[in-house]
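# Notes for the structure review
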Amino acid sequence: VTVIKHLLAYGQSDQASFRDPRVEPCFDVMTVPGTIASYFEDATAAFVLTLGKPYLIDPRTPLFQDTLASPRASHTSLADWHGPSVAAQLQASGSFAPAFYSAAVIGEMVGELVTRQRNYGGKAGGVAPKMNRYLRLLAEARGDEPPTEEPSSDGPAPDSVLLPYFAVEDVSGPWWTVMQSIWASAAQLQAPKSLRPVVCVGKPGQPLVNSVDLLDQVLVQRPQDLSSNLLFWITSLDERGADVATLARLWSVVRDRTVEGVSLTNLYGGFFSICLGLAGLDGFGNGLGYSESRQWPALDATGAAPARYYLRDLHVFAPPATAEQLVSRQPAFVCDCPVCTAARASGRSIVAMDYAELKSHFAFARSWERDVVDVLGRAGVVTQLRAALANYIAAGLPRGIRVAVDHLDRWAIVLDAATP
Amino acid sequence: LAEAVDVERAQTSPIVRSKRPATEFEVVAQIVKHAVELEAHIGPIQLVGLEVRTHGTSRADVLIFASDLVAIEAKLTDWNRALGQAVLNTTVVDQSYVAMWAGYIAPGLLKAADEYGVGVIAVHDDGLEILVKAGAGTPDATARAVVLDRLSRSSRSDAGGM
């Protein structure tokens, strides 16, 4: 059985977690934000190319859509990856109207981004000392002997190459025209079938179900001469907050387009996306403890995750003290992952878990969630969701302590009614 | 330093009133002023701090180290919220209390506090009264040590001569 692929986003503070040999099997592909890849260029390349996991680089092009008023240094470095015209425009005004993206600018941007990704493995030759250091740290974390051979000067290529993308508000708008130009430009490059389109849809203020409808419209008009393995991002789609109609519609879109031979990966998803694997979703992505959903425009305001504990049965984050109160009152919620088990064995509760432990626990919890869906199937997950809700209520937390669990019933309703 | 200054300010605040104060700080000030009255229940007070971080981003209104580490959540209204915070504090302190102005304490609070092992302090014009004694908590030892360290760094060790 092939379970849904988990794309785990890399953050600068995540290196120890990614090296942890217990965490390594919990994800399939490491997603490297373009901002990090371009700004911490040598260090990121050395880390990524020594880890030994498939990786891909997210171009995060919507940073250069409309206005980027106060660019950070990492935005400037990412602009360089988008070609000289984008870099110059950021310096000049930070204003990126659709008209800025002429055919020439798009050709330059697509060519630059694709080349940088395709050649990423070649960075190994220029960062050998850093790679040696990371290889030593990796061996240490895995309990192996220190490496004796010099790292190869030609590192692994990305798992796949992502095309630049912009947020599309409707298929009659100017950004949709820009997207079509991007795909047309990419089709002229060598081996276009290896280039993966990224679809970003949504309009601030409009019902989410409309955004899912828009996703479907865009997928219907997907490029035929590029990879059929697409990634999508529905801006503002928070699976836990989404209503039944939106989630049910998303299920049907994934199911119907997958049947047509399209392979889909949700860039920002959580447990419901894992369930969408039963409808055919190929993969989903998130960070260690955050980024299950994302708004646009707000891509420039991201940062490290807060210290939170993931209650895996409830598929929700909670402050550690809240989680501890809940788990201490409801044995059904006790987590048996290696991190939690070790903490308990040393007499420490959830409130004493450090940031790295909370992140590693989340990685294990996400892996457990994939197993739950894989083993239990749709009907079993419905039962699990309803049992978790009942267990939460039975825990009897005081009214002043709340964990948002309304999504459990909504998800159960959607899954219960879904047609595989 | 700011927290230590706040303790001093609270201890010297000449609050005499017969009806509920307008601000939570005045309740806190009254607790600090009469904290010595709690010693019969919690032992000799060694450290007192205000707004000391306990867990996550949460802070205890009053944190006392006596023979036990004691957190007090002061509230004018919304006892459910106060009780919730006090229950969460039990993960890191030995005794956890809700403090509200006498005469404004709902019977539901007393019942719920007893159920969750949290104490209730009635704050009067002229002193404090423990209505429900806090249960003996079982805080996480590591987290408790961190909180106690924060208290040590943020408060005066002489507790203002209490």
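Provided above is the structure to which this section pertains.
I will try to describe carefully the structure that is included in this document. As a convention, each chain's residues are numbered from 1 in the sequence order in which they are written. Going through the entries in the order they are written, you letter the chains from A and number the ligands from 1. Two thresholds apply to this predicted model, a pLDDT of at least 70 for residue-level local features and 80 or more for giving and counting side-chain atom pairs, whereas whole-chain, interface and lining totals are computed over all residues. The basis for the side-chain values is all heavy atoms of the structure; hydrogens and waters are excluded.

All names here are of chain A. When a carboxyl oxygen of Asp or Glu lies within 4 Å of a side-chain nitrogen of Lys or Arg, that pair is called a salt bridge. As enumerated under the stated definition, the model contains 20 salt bridges over all chains in all. Among the ionic pairs, E260 bridges to R257, the shortest N-O distance being 2.5 Å. For the exposure calls, accessible area comes from a 1.4 Å probe over protein chains only, and a residue counts as buried if that area is under 20% of its type's maximum, exposed if over 50%, partly exposed in between. The class of E260 is partly exposed, set by a relative accessible area of 43%. With a shortest N-O distance of 2.9 Å, D336 and R312 are connected by a salt bridge. Placement of D336 in the loop between α12 (320–329) and α13 (338–345) and of R312 in the loop between β13 (309–311) and β14 (316–318) is noted, with a sequence separation of 24 residues between them. Put simply, D213, D216, R222, R249, R257 and E260 are held in one network by salt bridges that share partners. The helix count covers DSSP runs of H or I at least four residues long, the strand count covers runs of E at least two residues long, and both are numbered beginning at the N terminus.

Attention now goes to the packing of helix α10 (residues 244–259) of chain A against helix α15 (residues 406–417) of chain A. Residues and elements named next belong to chain A. Relative orientation of the contacting elements α10 and α15 amounts to 40°, with a least axis distance of 9 Å. In this view, α10 runs oblique relative to α15, as classed from their interaxial angle. Viewed along their axes, α10 and α15 form a crossing whose handedness is right-handed. For the pair α10 and α15, the contacting residues are V244, L247, A248 and W251 in the first and R410, W411, I413, V414 and L415 in the second. Residue classes in the contact of α10 with α15 are distributed as eight nonpolar, no polar and one charged. What counts as an axis is a line fitted to C-alpha atoms, over the stretch in contact for a helix, and the angles between N-to-C directions run from 0 to 180 degrees. Note that the term roughly parallel is reserved for angles under 35 degrees, roughly antiparallel for angles over 145, roughly perpendicular for angles of 65 to 115, and oblique for everything else. When the near helix sits turned anticlockwise from the far one by under a right angle, the crossing is termed left-handed; a clockwise turn instead gives a right-handed crossing. In this analysis, two residues are considered to be in contact whenever any of their non-hydrogen atoms come within 4.5 Å of each other. Following the grouping adopted for this structure description, the nonpolar residues are Ala, Val, Leu, Ile, Met, Phe, Trp, Tyr, Cys and Pro, the charged ones are Asp, Glu, Lys and Arg, and the polar ones are all others, Gly among them.

Residue and element names in this part refer to chain A. Tracing the backbone shows N266 in strand β11 (residues 263–266). We define a polar contact as two N or O atoms separated by no more than 3.5 Å, with the added condition that, inside protein, one atom must be a possible hydrogen donor and the other a possible acceptor, whereas residues neighbouring each other in sequence contribute only through side-chain atom pairs. Reaching out from N266, the side chain makes a polar contact with the side chain of S273 at a distance of 2.9 Å. Aside from chain neighbours lying at most four places away, what touches N266 is F232, E239, S273, L281, G283, F284 and G285.

What follows deals with the environment of A:Y355. Residue and element names in this part refer to chain A. For Y355, the position within the fold is in helix α14 (residues 355–395). For Y355, a relative accessible area of 29% puts it in the partly exposed group. In sequence terms Y355 and R308 are 47 residues apart; their C-alpha atoms lie 8.3 Å from each other.

The subject of this paragraph is unusual backbone geometry. Although it is not a glycine, A:S236 adopts a positive phi angle of roughly 70°. Counting through the fold element by element, A:S236 comes out in the loop between β10 (229–234) and α10. Not every positive phi belongs to a glycine, and B:E51 is a case in point at roughly 55°. Within the secondary structure, B:E51 is located in strand β1 (residues 47–55).

Residue and element names in this part refer to chain A. Checked against the element boundaries, P151 lands in the loop between α7 (128–142) and β6 (161–162). Assessed through its relative accessible area of 18%, P151 is described here as buried. Spatially, the C-alpha atom of P151 lies 35 Å from that of G269, the residues being 118 residues apart in sequence. Apart from the residues within four sequence positions on either side, P151 is in contact with A128, M131, N132 and L135.

What follows covers helix α2 (residues 24–33) of chain B. In terms of residue burial, α2(B) counts as a mostly covered element, since seven of its 10 residues are buried. Along α2(B), the residues classified as buried are B:E26, B:V27, B:V28, B:A29, B:Q30, B:I31 and B:V32.

With that settled, consider the packing of aromatic side chains. All names here are of chain A. Ring pairs are drawn from Phe, Tyr and Trp, using the six-membered ring of Trp, whenever the two centres fall within 6.5 Å, and their geometry is named by plane angle: stacked under 30 degrees, edge-to-face over 60, tilted for the rest. Per the stated rule, a full pass over the model turns up 22 aromatic pairs over all chains. Ring geometry for Y39 and F40: centres 4.8 Å apart, planes at 75°, overall edge-to-face. When the centroid spacing of 5.2 Å and the interplanar angle of 35° are considered together, the rings of F317 and F362 count as tilted. Of this pair, F317 sits in strand β14 while F362 sits in helix α14; the two residues are 45 residues apart in sequence, bridging distant segments of the chain. An aromatic cluster is built from F64, F96, F100, Y101, F166 and W175, whose rings are joined through pairwise contacts. The ring centre of F27 lies 4.6 Å from the NZ or CZ of K53, which sits over that ring. Sitting above the plane of the Y134 ring, R133 keeps its charged end 5.4 Å from the centroid. Ring-over charges, as used throughout, are those where CZ of Arg or NZ of Lys falls within 6 Å of the ring centre and within 35 degrees of the ring normal.

Once that is clear, we can look at the sheet that holds β1(B). Residue and element names in this part refer to chain B. Ordered by their spatial adjacency, six strands build an open sheet running β1-β2-β3-β4-β5-β6, and the pairing between neighbours is mixed. Edge positions in the sheet fall to β1 and β6 (127–132), since each of these pairs with one other strand and no more. Here the average twist between neighbouring strands, direction ignored, is 35°. Together, β1, β3 (69–74) and β4 (95–101) form the strand contacts of helix α4 (residues 79–89), whose direction differs from that of β4 by roughly 160°. Contacting β1, β2 (58–65) and β3, helix α6 (residues 141–154) runs over the sheet at an angle of about 135° to β1. The pairing criterion is simple: DSSP has to find at least two bridges between the two strands.

Across the contact, 14 residues belong to chain B and 16 residues belong to chain A. Buried surface area refers to the total accessible area, computed with a probe of radius 1.4 Å, that the two partners give up upon joining, counted for both partners together. A buried area of about 1100 Å², summed over both sides, lies between chain B and chain A, and 64% of it is on carbon and sulfur atoms. The interface formed by chain B and chain A contains zero salt bridges. Broken down by element, the side of chain B that touches chain A gets its largest block of residues, six residues, from α4(B). Considering only residue class, the side of chain B that touches chain A consists of six nonpolar, six polar and two charged.

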